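# A structural walkthrough
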Amino acid sequence: MCLTIPKQVISVKKDGILLKVGTQKETAATLLKVKKGDWVLTHKNTIITKVSKKQAEEIRGLLAKK
């Protein structure tokens, strides 16, 4: 089973989407339309779905309990 941490879109550019993961940043590809501020889930540096801010906070909260 795979687990992904919600990540927030920092910027959208032709060469990739810059994401914020805690205090780190990473680049991802996507076929979805995303904009700065969106929350997403990724797999192998590819955005697979968007989630709401509320869903992102709930997931992060569950992961913090461990």
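Attention here is on the structure that accompanies the text. All residue numbers refer to positions counted from 1 along the written sequence of the respective chain. It should be noted that, the model being predicted, local features are given only for residues of pLDDT at least 70 and side-chain atom pairs only at 80 or more, the latter also being counted only at that level, while totals for whole chains, interfaces and linings use all residues. Derived side-chain values reflect all non-hydrogen atoms in the structure, with water molecules and hydrogen atoms excluded from consideration.

## So, the overall build of the protein
Operational definition: Secondary structure elements are taken from DSSP: a helix is a run of H or I of four residues or more, a strand is a run of E of two residues or more, and numbering for both begins at the N terminus. Only C-alpha atoms enter the radius of gyration, while the globule expectation follows 2.2 Å times N to the 0.38, with N the number of residues. Using a 1.4 Å probe on the protein chains alone, a residue whose accessible area is under 20% of its type maximum counts as buried, one over 50% counts as exposed, and one in between counts as partly exposed. Here the accessible surface of atoms and residues is derived via Shrake-Rupley with a 1.4 Å probe, and residues count as covered only by protein chains that are part of the display.
Helix and strand counts for the protein come out as 1 helix and 5 strands. Ordered by position from the N terminus, the helices and strands of the protein form the series β-β-β-β-β-α. For the protein, whose C-alpha radius of gyration is 11 Å, the value lies close to the compact-globule estimate of 11 Å for 66 residues. Taken along its principal axes, the extent of the C-alpha atoms in the protein is 35 × 25 × 20 Å. Within the protein, buried positions represent 29% of all 66 residues. Carbon and sulfur atoms provide 56% of the accessible area of the protein, an area that totals close to 5,200 Å².

## Structural notes on the pattern of salt bridges
Quick reminder of the rule: Salt-bridge detection follows one rule: a side-chain nitrogen of Lys or Arg within 4 Å of a carboxyl oxygen of Asp or Glu.
Within the structure shown, the criterion is met by 3 salt bridges. Ionic pairing is found between Lys7 and Glu26, a salt bridge with its closest N-O pair at 3.0 Å. Taken together, the positions of Lys7 in strand β1 (residues 7-13) and Glu26 in strand β3 (residues 24-28) put the pair 19 residues apart, joining distant regions of the chain. Since its relative accessible area comes to 9%, Lys7 is described here as buried. Note that Lys50 and Asp38 form a salt bridge whose closest N and O atoms lie 3.9 Å from each other. Taken together, the positions of Lys50 in strand β5 (residues 46-51) and Asp38 in the loop between β3 and β4 (39-43) put the pair 12 residues apart, joining distant regions of the chain. When salt bridges with common partners are traced through the structure, they connect Lys35, Asp38 and Lys50 into a single cluster.

## Some details on the pairing of β3
Just so we agree on the cut-off: Note on pairing: two strands pair once DSSP finds at least 2 bridges between them.
Sheet topology note: the strand β2 (residues 16-21)/β3 ladder contains 5 bridges and is antiparallel. Each residue of the ladder has a partner; that of Val21, found in β3, is Gln24. Between the antiparallel neighbours β2 and β3 lie 2 residues, among them Gly22 with a positive phi of about 65°.

## A look at the sheet that holds β4
The condition that has to hold: Helix axes are fitted to C-alpha atoms over the stretch in contact, other axes to C-alpha atoms as well, and angles between N-to-C directions run from 0 to 180 degrees.
On the basis of which strands lie adjacent, the open sheet formed by 5 strands has the order β3-β2-β1-β4-β5 and antiparallel pairing. Of all the strands in the sheet, just β3 and β5 have a single pairing partner and so form its edges. Adjacent strand axes in the sheet meet at a mean angle of 45°, parallel and antiparallel pairs treated alike.

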